[in-house]
Amino acid sequence: MFNTRVDTFDAARFRDIFSLYADGGHTLQEIGTRYGISKQRVHAIIKKYASREEHAYLAHKRKVHDAARQRAIEIATDLLKVKVSQRMVSLTTGLSFKQVQNIAKKLKEEQAS
């Protein structure tokens with residue numbers, strides 16, 4: 001059934017939610033915690049109320065973010081090949097230490113085979 005009270009709340013909060021999410025500084029979980037709703041509900045609100053241009057903007061941001069992340073992985077791989085410590089690679093690239101460990105593990109497997 002259609003709940004107008006919930007939809008009114010969602011529509012009123014959409015601008016705030018969208019601006020927090022679009023600036024890239026907040027995750028869906030953080031936004032949900034701020035407004036007392038689940039991250040799935042935050043995603044549903046964005047999906048429901050965002051205009052075509054806003055959806056295009058978010059898609060572009062994701063594409064740019066994915067490209068930057070891929071470049072960081074390439075840089076990390078190159079640094080690990082020349083024996084830079086995993087901790088320094090993590091600090092330099094902005095990747096988590098766990099991600100750097102996984103890259104190093106893959107490099108060792110490639111070198112072993």
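As the structure is a prediction and not an experimental result, all values here were calculated from the model. (Residues numbered from 1 in each chain as written. Predicted model: local features only at pLDDT ≥ 70, side-chain atom pairs only at ≥ 80, totals over all residues. Heavy atoms only, no water.)

Enquirer: Would you mind showing me how to read unusual backbone geometry here?
Expert: Positive phi is not limited to glycine here, since lysine 83 has a value of about 65°. Within the secondary structure, lysine 83 is located in the loop between helix H4 (52-81) and helix H5 (86-93). On the basis of relative accessibility, which here comes to 69%, the residue lysine 83 falls in the exposed class. (Helix = DSSP H or I, 4+ residues; strand = E, 2+ residues; numbered from the N terminus. Buried < 20%, exposed > 50% of the residue type's maximum accessible area, 1.4 Å probe, protein only.)

Enquirer: Which parts of the structure should I look at to understand the confidence of the model for the protein chain?
Expert: For any part of a model where pLDDT is low, the fine detail of the predicted coordinates should not be relied upon. Averaged over the protein chain, the pLDDT score is 84; the fraction of residues at 70 or greater is 91%. Helix H6 (residues 97-112) holds the highest mean pLDDT among the elements of the protein chain, 91, whereas helix H1 (residues 4-22) holds the lowest, 74. (pLDDT = per-residue confidence, 0-100.)

Enquirer: What is the right way to read H5 from this model?
Expert: Along H5, the residues classified as buried are Val89, Ser90 and Thr93. Taken around the axis of H5, the buried residues stretch over an arc of 100°, which confines them to a single face. Opposite its buried face, H5 presents the exposed residues Leu91 and Thr92, each directed more than 90 degrees away. Just past H5, the residue glycine 94 takes up positive phi, approximately 85°. (Arc of directions from axis to C-beta.)

Enquirer: What am I meant to see in the side chain of serine 90 here?
Expert: Counting through the fold element by element, serine 90 comes out in helix H5. The class for serine 90 is buried, based on a relative accessible area of 11%. Looking at serine 90, its side chain comes within polar contact range of the main-chain nitrogen of phenylalanine 97, at 3.5 Å. Discounting residues that sit within four places of it in the chain, serine 90 has contacts with Leu95, Ser96, Phe97 and Val100. (Polar contact = N/O pair within 3.5 Å; in protein donor to acceptor, adjacent residues only side chain to side chain. Contact = heavy atoms within 4.5 Å.)

Enquirer: What is the right way to read helix H3 (residues 39-49) from this model?
Expert: Regarding H3, the residues found buried are Val42, Ile45 and Ile46. Within H3, the buried residues cover an arc of 95° as seen down the axis, which keeps them to one side. Of the residues in H3, the exposed ones pointing more than 90 degrees away from the buried face are Gln40 and Lys47.

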